[in-house]
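Here's the letter readout for the chains.
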Amino acid sequence: MAGKGTPATALLTKQKVAHTLHAYDHDPRADSYGLEAAEALGLEAARVFKTLVADVDGKLTVGVVPVTGQLDLKALAAAAGGKKARMADPAAAQRATGYVLGGISPLGHRSRLPVVIDSSASAFPTVYCSAGRRGLEVELAPADLVRLTGAVVASIAG
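The structure contained in this document is the topic of the report that follows. (Residues numbered from 1 in each chain as written. Predicted model: local features only at pLDDT ≥ 70, side-chain atom pairs only at ≥ 80, totals over all residues. Heavy atoms only, no water.)

Right, let's talk about the overall build of the chain for a bit. Along its length, the chain carries five helices and eight strands. Ordered by position in the sequence, the α and β elements of the chain form the string α-β-α-β-β-α-β-α-β-β-β-α-β. The C-alpha radius of gyration computed for the chain amounts to 14 Å, which stays within 12% of the reference 15 Å derived for 158 residues, consistent with globular compactness. Based on the C-alpha atoms only, the size of the chain along its principal axes is roughly 40 × 35 × 30 Å. Buried residues in the chain amount to 46% of all 158 residues. Counting only contacts in the chain whose residues sit at least 6 apart along the sequence, the fraction spanning at least 24 positions is 61%. Accessible surface, the chain: about 7,900 Å² in total, of which carbon and sulfur atoms supply 53%. Mean positive and mean negative side-chain charge positions of the chain (17 and 14 charges, respectively) differ by 10 Å. (Helix = DSSP H or I, 4+ residues; strand = E, 2+ residues; numbered from the N terminus. Rg over C-alpha atoms; globule rule 2.2 N^0.38 Å. Buried < 20%, exposed > 50% of the residue type's maximum accessible area, 1.4 Å probe, protein only. Contact = heavy atoms within 4.5 Å. Areas by Shrake-Rupley, 256 points an atom, 1.4 Å probe, with all protein chains shown as cover. Lys, Arg positive; Asp, Glu negative; His and termini not counted. Charge placed at Lys NZ, Arg CZ, Asp CG, Glu CD.)

Printed below as a string of structure tokens:
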């Protein structure tokens, strides 16, 4: 793996959580970072989750959904105890998480943000999500992801 670790990998190591890092060569022309990761690593796409930042009633909130689906903003708002959600401004998402778009991990944010993970994650022994930079995925148990992020688990993928 080229380069240093990320806040996400540092958190996993500090908390002694079993995980595996999977690096791949990111293609800047890829239309979907998550689908690119699934294809490059030869993974079942339903096990690869993307991290999206939304604004729920004025508060940034993270939604983690399979790359095969879309984030249901109404379901995210309800799961987060809000009324209305819209996708966050990309610059605000990058500032709050400390990550660049396409490399936003649900773990190790600069600011503590509420996280909602789609309930489909619990159907798998392990899931994959960004480890904090483009071209780097982390594989871990869904229960560990929920615990480390303090997430609510709800059906938020459309």
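Continuing now.
Here we take up the sheet that holds strand β1 (residues 20–23). Strand order in the open sheet formed by three strands is β1-β7-β6, and the pairing between neighbours is antiparallel. Edge positions in the sheet fall to β1 and β6 (127–133), since each of these pairs with one other strand and no more. Across the sheet, the mean angle from the axis of one strand to that of its neighbour is 35 degrees, orientation sign disregarded. Alignment of β6 against strand β7 (residues 136–140), held across five bridges, turns out to be antiparallel. Each bridged residue has a counterpart across the sheet, and for Tyr128 the counterpart in β7 is Glu139. (Pairing = 2+ DSSP bridges. Axes fitted to C-alpha atoms, helices over the stretch in contact; angles between N-to-C directions.)

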